[in-house]
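# Overview (structure and organization)
Now for the letters of each chain:
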Amino acid sequence: MSAMQHPQFGQHPRVVSRSEFNFFDQNPDPALDELTELAAVLCNADYAYTGWMDFNRLWFKSRFGFQAHEQSRSTTACQWLLEKNEPLLVQDAAQDPRFPPEGIELAGEQPCRSYAGTPLITGAQQIVGTLAILSREPNKFSLEHLTLLEILGRQAVTRLELYNRIRAQEQAQRAQQRTERALAIERCFVAATLDSIPALVAVLDTAGRMVRLNHACTELTGLNLSIATGRPFVDEILDPEQRTWAAGKVREAASGQVSGPHETEWRIAGGLTRRISWTLRPLKGPNCEIQYLIISGQDVTDQRQMEMALLSSETRYRQVVENSLGFVFTCSMEGRLTSLNSFTAETLGYHAEALTGRSVTDLLDSGGAATFQDCLRTLAANDEWQGAFPLRRSDGIYRRIAFRSRRMELPGEQPFILNHGIDVTEQHEAEQALHIATRQRELILESVGDGICGIDLDGRLTFVNEAGARALGYSPEELIGHDVHDIIHQNHEDGTSYSEGTSPILQSMRKREAIRMRNEVFWRKDGNSIPVEYSASPLIEDGQISGMVVAFQDVSERRRLERMKDEFISTVSHELRTPLTSLRASLGLIASGSLDKRPEKQRQMVEMAIGNCDRLVRLVNDILDFDSVEKGTLPLHREPVEAVDLLRRAADVAHAAATQAHIGFRIDAAKVAVLADQERILQVLNELVANAIKFSPPETQVRLTAHPSSVNPADSNQVCFVVEDQGRGIGQEKLERIFERFQQGDASDSRALGGTGLGLALCRSIVEQHGGRIWAESSPGQGSRFLFTLPAASANPQ
C-alpha cells in the first residue's frame, strides 16, 4: 500500500546526519521507551522501535519486543520510508516485491508481514529518524494506526528537539585563561563597594546566618566580622520580642520574596539600640536559585525622633522639618504637594514655592507614578505605607528615595499624608553592583576550561565550576560539602595512601602560602585517576584565612602528545641511524680499496649504499608528503584510470621484494575506472602492499582486488580497493589507531621491521583528499584486509 499523503510531507523534508542533529546515541531514554511501547500497545504490534539511519545501518534508540541495538539498513522497511520522506504502510510484505517472500527482517526476530512507520520531522523540516511498528501477521495495521504513529512521532520529535537545544547550550566556547586574579579582584571589588557606602549592609546565607557585614554595619553594631560570621542575624541584632517575626521574614526571603522596608530596633555597641529601616532581598545565582539574602538598612533613629517632635509642637515641627537632612513633605490624599522642607526642594533643584501645589507624579517616571498611586490607595485604607521610587531633579537626574508615609488626621482639618524619605541611591547602586559582581564571578568560573574549586578551613568543597566537576566525573552538587582530600586526592598514582598530613593542598592552607604542583593525580568518580597540574592559593580576608582556591588542569592529552613526540623522535632517529651506518660502512670499504680486487663484493656494497640512500629518501619524502597533506598543499592531478592498471603497477613495484620474501600476488579486479591522481594512489597501494609483504609468512599470497563499492548500496559511484594478506593479523583495539601518526600495529615493529609510523596516516590523508575513506579488517592470526574507496570515473571530483 502506498504512503498516506499529508500536508506536512509536501515540503520535501531533508534527512539530516547524526552530526547535524546530535541527540541519538545508544543510551536508554525512558521517555522515548514509553512512547515506543505506547505505539506498540495502541496498535497491538509485536514490535516497535524509534531509530535513525546512517549510510548502512539502522540504529535503535528505543525498542519494544526485541533486544537488538542495530540492523543492516538494506534489510529494513524504513529505507523505503526515507526514500520518499513520508509515512509508509505495508499490509503484507510477502506480497510486496520490495521485501523477501518470508517478510521483513527484524534483528534476529521472526520475519514480519505487517509494517507501519512515520518519519520523525523537526519544526525545521529535517528528518532525524523513524518511528515504526511491525507484526508477524499480515494486514495488521491500517491508516488509523499510521495517523496514531504520526501523533506519537511529533511527541518524540518535541523531546528530541529539547535534547538538541540543551546540548547546543552545553557546547558554548570556554575561555582558556586562569581566573585566580579575577576572583581576587571580584572579592576585593565587592568588599570595597560594600565598605564604601554609608548604608548598613549585611549578607546572610539562606538560613539567616551572617556571611559578611560592611564597615558601616560593624561600626554601628560593634560586631567583629570574624566572630559574627556563621551566627544568626536575628539572634545577634534584634530584640527577643522581634525575633520570631523577623525569622519569618528571613524564611520568606529565602523562598524568593522581597521584604520591607521594616523598622525595628537594632542592638548596637554598649548595649544600646538604634532604630533602623531595613529591607531584605534574595540574591539569585546563575541557576536562579537563592544563594544569599541581602539586608540593606539606614539608621533612621534621628528622623523618627524628629517625627515625634513634629507631633508635639508646631514651632518645633517647622524647625525640625526645615533643618532635617532628609526628605520631608506633606501632600493631600490626592497626591498634591502642600508643604516641603528646604532640603527636599534644594536636593531636587527647585524653590519650595515652585513645587507647592504640584502633583507628586510630575516628578516621577511611569514606574514611580504607579508605585505612588499604590501608596495613595494603601493610605486611604491604612495608616502607613513604606516603599521607594525615583524622584526626578530639575536637571533630569533621578534619585532613588525610600519613603515612610503616614496618614495624618488632626482635629478640624482634612486628612493629609506626611512623608519622610532618605536618599538610598548609592545603597541601591551598591546592591546592584554586588549582584553584578557576584554574577560576574559565576560567569568567570563557568567560562574557563580548567577546573576551579574552593575549600573551607575544614577541607570541604564550598564551590566547584562545571568544567572541574565534569573532569572528575561528578556534578557540582555531588561535590559540594565533601572532603576534598577523601574524594579526589586520597591516593598516589600507584594506589598508595596519601595522608592528610602530607597533602600539599592542606599543607599550603596551614602555611598560608600558595603552591603549584605538577605530576599529581586526582581521582574520578569511576575510580580512574587523571594526571593533573594544579595551583592552590589561600583566601585571606581581614588578615584571616577563610579557605583555599584550587585551579587544576587535566594534562592527559599533553602527556599523550609528549609520548607521541618522544616515540617519533626515537623512531626517526633509528630510521636515520640504521641506513646511515650501513651507508658509511659500505662506502668506507669501497674507499679503503680493500675491495678493488673483488668487483662482485664491491658491486654489492654499492647496491647496499644505493638501497640505504633510497630508504633515506623514502623516509624524508614520507615526512614531507605528510606535512603537505596536513597543510592542504599536496597537489592532486586527477584523471580517469583503470583500477586493474593501478593494481598491476603496484604488484610490479613490489615484485622484487615479494620474490625475495617468497610471496605471490593474486589480482582480481572488475572492469572499473576511478578518478584519481595515479602517482598518489600508487603511493597508497605501494605502502599497503609493502606492509602486506612485510608481515606475511613465506609461501603465501597477497590478494589485490578492486570492485564497485558495496559498503553503501545507495552510493554507486565508489570503487573499493582491497589489499589482503595471510599474516599474523591485528587486534581489534588497534585497527583504528594504526591510521594515526607515529602508530604501528606493534611497538616493536619500528625496530624489527623498520618504519616511521607515518605510512598509513599518509595513506588515509591521500584517500580522504580524494573523497574516499580507508579502514582495516583483521583478527589476530587470521591475516588482515586493508580497504579504501575512490570515486568512480563517472563521479564528479570532490
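Small disclaimer: the values here were computed from a predicted structure and weren't measured.

## Observations concerning the pairing of strand β10 (residues 200–204)
Burial within β10 is extensive, with five of its five residues counted as buried. Covered by surrounding structure in β10 are L200, A202 and L204 together with V201 and V203, the residues of both alternating faces. Where β10 meets strand β14 (residues 290–299), five bridges bridge the pair, whose relative direction is antiparallel. Of the residues in β14, the one forming a bridge with L204 is L293. Direction of pairing for β10 relative to strand β11 (residues 210–213): antiparallel, over a ladder of three bridges. Its bridge partner lying in β11, V203 is registered against R212.

## Section: a negative patch on the surface
A contiguous patch of negative charge on the surface is contributed by E170, E289, E466 and E477. Of note, E466 is situated in helix α15 (residues 466–471).

## Looking at the confidence of the model for the protein chain
Scored by pLDDT, the protein chain has a mean of 80; 80% of the residues are at 70 or more. For the stretch residues 747–753, pLDDT sits under 50, and the model shows 14 contacts to residues farther than four places along the chain or on other chains.

## With respect to the packing of aromatic side chains
This structure, assessed with the given rule, holds 16 aromatic pairs. Ring pairs connect the aromatic residues F329, F372, W385, F389 and F403, which therefore count as one cluster. The ring of W775 carries the charged tip of R773 above its face, separated from the ring centre by 3.9 Å.

## Concerning the packing of helix α23 (residues 678–694) against helix α25 (residues 759–769)
With their axes 10 Å apart at the nearest point, α23 and α25 run at an angle of 145° to one another. Regarding α23 and α25, the two cross each other, and that crossing is left-handed. Of α25, the residues touching α23 (which contributes R680, I681, Q683, V684, E687, L688 and N691) are G759, L760, L762, C763, I766 and V767. Looking at the contact of α23 with α25 residue by residue, the classes come out as eight nonpolar, three polar and two charged.

## Thoughts on the sheet that holds β11
On the basis of which strands lie adjacent, the open sheet formed by five strands has the order β11-β10-β14-β13-β12 and antiparallel pairing. The sheet is open, and its two edges are formed by β11 and β12 (259–267), each paired on a single side. Between one strand axis and the next, the sheet turns by 30° as a mean value, whatever way the strands run. As defined by bridge partners, β12 adjoins strand β13 (residues 273–284) across seven bridges and the pair is classed as antiparallel. Residue pairing across strands places H262 opposite W278, the latter belonging to β13. Across the sheet, helix α8 (residues 240–254) lies against β12, β13 and β14, angled at about 140° from β12, the strand it touches most.

Quick notes on the rules
Residues numbered from 1 in each chain as written. Predicted model: local features only at pLDDT ≥ 70, side-chain atom pairs only at ≥ 80, totals over all residues. Heavy atoms only, no water. Buried < 20%, exposed > 50% of the residue type's maximum accessible area, 1.4 Å probe, protein only. Helix = DSSP H or I, 4+ residues; strand = E, 2+ residues; numbered from the N terminus. Pairing = 2+ DSSP bridges. Patch = residues over 30% accessible without salt bridge, like charges linked within 9 Å, V, L, I, M, F, W, Y side chains within 5 Å. Areas by Shrake-Rupley, 256 points an atom, 1.4 Å probe, with all protein chains shown as cover. Salt bridge = Lys/Arg side-chain N within 4 Å of Asp/Glu carboxyl O. Lys, Arg positive; Asp, Glu negative; His and termini not counted. Charge placed at Lys NZ, Arg CZ, Asp CG, Glu CD. pLDDT = per-residue confidence, 0-100. Contact = heavy atoms within 4.5 Å. Phe/Tyr/Trp six-rings, centres within 6.5 Å; stacked < 30°, edge-to-face > 60°. Lys NZ or Arg CZ within 6 Å of the ring centre and 35° of its normal. Axes fitted to C-alpha atoms, helices over the stretch in contact; angles between N-to-C directions. Left-handed = near helix turned anticlockwise from the far one by under 90°. Nonpolar A, V, L, I, M, F, W, Y, C, P; charged D, E, K, R; others polar.

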